[in-house]
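Residues per chain, in single letters:
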Amino acid sequence: MKFSEQLQLYMSELGVSSRELAREAGISESALSRYRSGDRTPSSDEEKLHTLAEALVRTATVEEVPYTAEEIYRTFYEILGSGLTVPYETYLSNLHQLMEIMGIRSNELARELSFDPSYISRILAGKRRPAEIRGFNAQVVAMVCKKAEERSREDTLSTLLGIPLEILKNPQHREEALLSWLGSNSEKVATHPVRRFLQEFDGFDLDEYMKSAHLDDVKRPVPPPVSLPKRKVYIGHSAIMEAELDFIRLTALNRSSDPVFFYSDFPLTVASKDEEFLEKWIFGMATLIRRGLCLRIIHDVHRPMSEMLLALENYLPLYMTGQIESHYLNRHQGELFSHLLWVSGGLALMGEAVSGYPTEGMHTLTNHAAELRYAKKRAKRLLERSNPLVQIYRDAERMQILLDHRDLFQQGDRRILCSYLPVAMLSDEEMDRYLERAGLDAAHRKNMIRQVDRRKKFMTSLLQNYRIRLDIPDVTEEEFRKKPVSLTFADVGRDICVEYSYEEYRAHLERVKEFAENYENLKLVMIPVNALRNVNIQLIHGQAVILTKNRAPLICFVMRQPNLVRTFEEFAVSLAGEEWGTAATED
């Protein structure tokens, strides 16, 4: 039934006059007349439909009203429809994730759509719905497409929507795909790749991983060497995955202790969805680590950033062992072909495919002497042209970080997203008390306090010329009980964590606030508690991302590749809803 027909039916059954209904609903009689004739249909805005439904009940002249205002509203809403094929809560979740992935802030959305910021804020908070969801969606989609072009993030959009970049360049296909994505089931919606990577990084436990992969079983014998095939060819998607597993397995069984080299610019998304393959791949790589082999990996940073972060996520357990050298190449190796080159002491795997058609490629596994020499020379030349991608430092290598990155730590505005509070802002007496609780003797406590004091002096020196923003989680007592926050000395490279009470945590927080009040260039921002508990993220503007994990294991990742740095900065902006450069100067 049409809206006009249903409205006429209600007015007839309830004995409602046009004049009284228009007056009670706050609309003109001419507008109501157009609703009744079908010349005009009201929007599906909840507030307006509720008002009209309540007006019908209030102006009814029959002795017993057979409908409630809520029943009338539901009927109107079902007739008008919202243009959605999923519950509104699912749609809203999708909208939030789309904005996060594309780095779009709420005030930016309001400005581009010419809406009042408070109106957009209420929509995003679920406190009201757009007056016309179809029209609102069309505006959102147009804005996302515009921003993707302006910010050169079409590759991110391509990965998110699951359609090739070539198809994405067609405006009609792009808009249709985005509208479909917004109305898709929430289980299919992607999580921002930076968020997913950080959650994996934060929750990783090296001890558990080593036990599950038998890396801690040092007495476990390595199987005897096997006879390697001179040459084997693999064609097609499943065969290519088989080739990779064969290379890893045969390398693990070979006697050679030479480093193992990996380079590939093949897309990762297809293989990453095959859980059985991933399980075998990770176990095989863990076996290489157990063999004590050094893995030298050149990551392709010219692929979509979501794939780049997926590659880092896949290698994350191996990075934690400290047996990985991570590199990247500044120059893109070509747009026509995808290549793979894996080389170990006695084996090489070489593959290629036309770009965009990875499942049609061919891989060759060989230990032929001439081909092996050729592959090793190619690997050597690629390494000579590469730069460090992720530099990894364990707890005992804190001073090496300072030596390797002296320029980073002595200059530059920065932002630090904290999951644990900076220990440097405690008094010496408080630190001594916590260190004694951790079981350190007087001499070790004194030495540790000196190290922390040097850290504090360095920060105060930095604040003379540069701005620092600290994002500190505002943890409630209930949240603290569910996931306690520990006092940690990870910032000075020591694997010491002390469990403290919520009252002690709040006292520590007060020390941080007191410290911040003394420095104009230090901005302290209280943020809602996030899912991270063990990782602090330091962003040195335009130069580096530094991730410090405080336990299982204590480890520090330094990343200076420009695209990677920009992606982390964009993610941080999307979390806080403000531009990077202005954050440290606002009051």
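The structure under discussion appears in the preceding block.
Residues numbered from 1 in each chain as written. Predicted model: local features only at pLDDT ≥ 70, side-chain atom pairs only at ≥ 80, totals over all residues. Heavy atoms only, no water.

**Student:** Tell me about the overall build of the chain, and name the residues and values.
**Tutor:** When helices and strands are tallied, the chain shows 26 helices and 17 strands. Looking at the 587 residues of the chain, the share that counts as buried comes to 50%. For the chain, long-range pairs separated by at least 24 residues make up 75% of all intrachain contacts whose partners lie at least 6 apart in sequence. Here the chain displays about 28,500 Å² of accessible surface, and carbon together with sulfur accounts for 48% of that area. (Helix = DSSP H or I, 4+ residues; strand = E, 2+ residues; numbered from the N terminus. Buried < 20%, exposed > 50% of the residue type's maximum accessible area, 1.4 Å probe, protein only. Contact = heavy atoms within 4.5 Å. Areas by Shrake-Rupley, 256 points an atom, 1.4 Å probe, with all protein chains shown as cover.)

**Student:** A description of the pattern of salt bridges should follow, citing residues and the corresponding values.
**Tutor:** If you walk through the whole model with that rule in mind, you get 24 salt bridges. With a shortest N-O distance of 3.1 Å, Glu 112 and Lys 146 are connected by a salt bridge. Placement of Glu 112 in helix 7 (residues 106-113) and of Lys 146 in helix 9 (residues 133-150) is noted, with a sequence separation of 34 residues between them. A salt bridge links Arg 296 to Glu 325; the shortest N-O distance between them is 3.2 Å. (Salt bridge = Lys/Arg side-chain N within 4 Å of Asp/Glu carboxyl O.)

**Student:** Which residues make up the sheet that holds strand 11 (residues 468-473), and what are the values?
**Tutor:** Pairing within the open sheet is mixed, and its seven strands lie in the order 9-17-16-15-10-11-14. The outermost strands of the open sheet, each flanked by one partner alone, are strand 9 (390-394) and strand 14 (522-527). Looking at each pair of strands side by side, their axes are set apart by 15° on average, direction ignored. As judged from the six bridges shared by strand 15 (residues 535-540) and strand 16 (residues 544-550), these two strands associate in the antiparallel manner. (Pairing = 2+ DSSP bridges. Axes fitted to C-alpha atoms, helices over the stretch in contact; angles between N-to-C directions.)

**Student:** Describe the packing of helix 6 (residues 88-102) against helix 12 (residues 171-182), listing the residues and the values that go with them.
**Tutor:** Here helix 6 crosses helix 12 at 125°, and the two axes come no closer than 8 Å. Comparing the axis directions of helix 6 and helix 12 gives the class oblique. On helix 12, the residues that touch Tyr 91, Asn 94, Leu 95, Gln 97 and Leu 98 of helix 6 are Leu 178, Trp 181 and Leu 182. Partitioning the contact of helix 6 with helix 12 into residue classes produces six nonpolar, two polar and no charged. (Parallel < 35°, antiparallel > 145°, perpendicular 65-115°, else oblique. Nonpolar A, V, L, I, M, F, W, Y, C, P; charged D, E, K, R; others polar.)

**Student:** If you had to explain the pairing of strand 15 to someone new, which residues and values would you point to?
**Tutor:** Extensive coverage of strand 15 is indicated by the burial of six of its six residues. Side chains Val 535, Ile 537 and Leu 539 of strand 15 all project onto a buried face; the interleaved residues Asn 536, Gln 538 and Ile 540 project onto the opposite face, where all are buried too. As defined by bridge partners, strand 10 (residues 414-417) adjoins strand 15 across four bridges and the pair is classed as antiparallel. Note on strand 15: the bridge partner recorded for Arg 415 is Leu 539. The loop that links strand 15 with its antiparallel partner strand 16 comprises three residues; one of these, Gly 542, has a positive phi angle of about 75°.

**Student:** Now, about the packing of helix 1 (residues 3-14) against helix 3 (residues 29-37): what can you tell me, with residues and values included?
**Tutor:** Contact pair helix 1 / helix 3: the axes reach a minimum separation of 6 Å and the direction vectors enclose 110°. With respect to helix 3, the element helix 1 is oriented roughly perpendicular. Contacts between helix 1 and helix 3 involve Phe 3, Ser 4, Leu 7, Gln 8 and Met 11 from the former and Leu 32, Tyr 35, Arg 36 and Ser 37 from the latter.

**Student:** Got a sec to walk through the nonpolar core? Specific residues and values, please.
**Tutor:** Core analysis: the biggest nonpolar cluster contains 64 residues, and Phe 262, Leu 547, Phe 557 and Phe 568 have the highest contact counts within it. Examining the composition of this core, we find that nine residues originate from one element, helix 18 (residues 305-319), more than from any other. Sequence-distant contacts of Phe 568, defined by excluding residues within four places in its chain, comprise Val 194, Phe 197, Leu 198, Leu 309, Leu 539, Val 545, Leu 547 and Met 559. Ranked by size, the runner-up nonpolar core spans 39 residues in total, among them Tyr 434, Ile 472, Phe 480 and Leu 522. (Core = buried A, V, L, I, M, F, W, Y, C linked by side-chain atoms within 4.5 Å.)

**Student:** Could you give an account of the packing of aromatic side chains, naming the residues involved and the relevant values?
**Tutor:** If you walk through the whole model with that rule in mind, you get 18 aromatic pairs. Centroid distance Tyr 434 to Tyr 500: 5.7 Å. Interplanar angle 80°. Geometry classified as edge-to-face. On the criterion of sequence distance, the pair formed by Tyr 434 in helix 22 (residues 428-437) and Tyr 500 in the loop between strand 13 (497-499) and helix 25 (502-517) is long-range, its members being 66 residues apart. Like Tyr 500, Tyr 434 is buried. (Phe/Tyr/Trp six-rings, centres within 6.5 Å; stacked < 30°, edge-to-face > 60°.)

**Student:** Explain helix 23 (residues 442-462) to me, using residue names and the numbers behind them.
**Tutor:** The end-to-end C-alpha separation of helix 23 is 30 Å, in line with the 30 Å expected for 21 residues at 1.5 Å each. Looking at helix 23, one finds that the buried residues are Arg 445, Met 448, Ile 449, Gln 451, Val 452, Arg 455, Met 459, Thr 460 and Leu 462. Where helix 23 begins, the capping side chain belongs to Asp 441, and its oxygen is found 3.3 Å from the backbone nitrogen of Ala 443. (Expected span 1.5 Å × (residues − 1). Polar contact = N/O pair within 3.5 Å; in protein donor to acceptor, adjacent residues only side chain to side chain.)

**Student:** Describe the sheet that holds strand 5 (residues 337-343), with residues and values.
**Tutor:** In space, the eight strands of this open sheet follow the order 1-7-6-5-2-3-4-8, with mixed pairing throughout. Across the chains shown, the open sheet's two edge strands, defined by having one partner strand only, are strand 1 (231-235) and strand 8 (386-388). Neighbour to neighbour, the strand axes of the sheet diverge by 20° on average, direction disregarded. Where strand 2 (residues 260-264) lies against strand 3 (residues 295-299), four bridges are found, and the strand directions are parallel. Note on strand 3: the bridge partner recorded for Tyr 263 is Ile 298. Seen against the sheet, helix 15 (residues 237-253) touches strand 1, strand 2, strand 5, strand 6 (348-354) and strand 7 (362-366) and runs at an angle of roughly 145° to strand 1.

**Student:** Before we move on, can you summarise helix 25 with the specific residues and values?
**Tutor:** Under the 1.5 Å per step criterion, the end-to-end length of helix 25 is 23 Å for 16 residues, consistent within 8% with the ideal 22 Å. Among the residues making up helix 25, those that are buried are Tyr 502, Glu 504, Tyr 505, His 508, Leu 509, Val 512, Phe 515 and Ala 516. Buried residues of helix 25 fall within an arc of 160° about the axis and therefore sit on the same side. Turned more than 90 degrees away from the buried face of helix 25, the exposed residues are Glu 503 and Glu 517. Buried residues in helix 25 make contact with helix 22, helix 23, strand 11, helix 24 (477-482), strand 12 (486-488) and strand 14. (Arc of directions from axis to C-beta.)

Shape descriptors only; they carry no functional weight alone.
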